[in-house]
Amino acid sequence: MRISDFQLKDIVNVTDGKKLGRLTDIELNSGTGAISALIIEQSGKKFGLFGKEEEIVIPWINIVKIGGDVILVRHGEKTTVKDER
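Attention here is on the structure that accompanies the text. Everything quoted here is computed from the prediction, not taken from an experiment. (Residues numbered from 1 in each chain as written. Predicted model: local features only at pLDDT ≥ 70, side-chain atom pairs only at ≥ 80, totals over all residues. Heavy atoms only, no water.)

### Let's talk about the pattern of salt bridges
So the rule is basically this: The working definition used for a salt bridge is a side-chain nitrogen of Lys or Arg within 4 Å of a carboxyl oxygen of Asp or Glu. Helix and strand assignments come from DSSP, with helices taken as H or I runs of at least 4 residues and strands as E runs of at least 2, each series counted from the N terminus.
According to the stated counting rule, one finds two salt bridges in the structure shown. For R22, the salt bridge identified is with E41, shortest N-O distance 2.9 Å. Here the residue R22 occupies a position in strand β2 (residues 19–28), and E41 occupies one in strand β3 (residues 35–42), the gap between them amounting to 19 residues.

Quick look at the structure:
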């Protein structure tokens, strides 16, 4: 799969169902050549008029599923310990 294939997909946070933005880059593990993270430019600012676009780094372990049109990720999820008594 090429990076251009990833750039065409919507990136959605499974925690809240919101679209995070668009893929701008990927981080590669220099030893293995495997993808280690996705770099996403947050949507919301238009043409950089209000400053630099914010970036989100999504580690590979937080990618839930890569589908035909969408990449599902976990971002900003607060983990809670379930008390099972």
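Text resumes after the structure shown.
### Description of the nonpolar core
Selection rule: Side-chain atoms within 4.5 Å link the members of a nonpolar core, which is a set of buried Ala, Val, Leu, Ile, Met, Phe, Trp, Tyr and Cys residues. Only protein chains enter the accessibility calculation, which uses a 1.4 Å probe. A residue is then buried if its area is under 20% of the maximum for its type, exposed if over 50%, and partly exposed in between. In what follows, residue pairs with any heavy atoms lying within 4.5 Å of each other are defined as contacts.
If you look at the biggest cluster of nonpolar residues, it comprises eleven residues: F6, I11, L20, L23, L38, I40, I56, I58, I63, I71 and V73. Elements represented by at least two residues in this core include exactly β2, β3, β4 (55–59) and β6 (70–73). Residue contacts for I58: discarding those within four places in its chain leaves L20, S36, A37, L38, I40, I63, V73 and H75.

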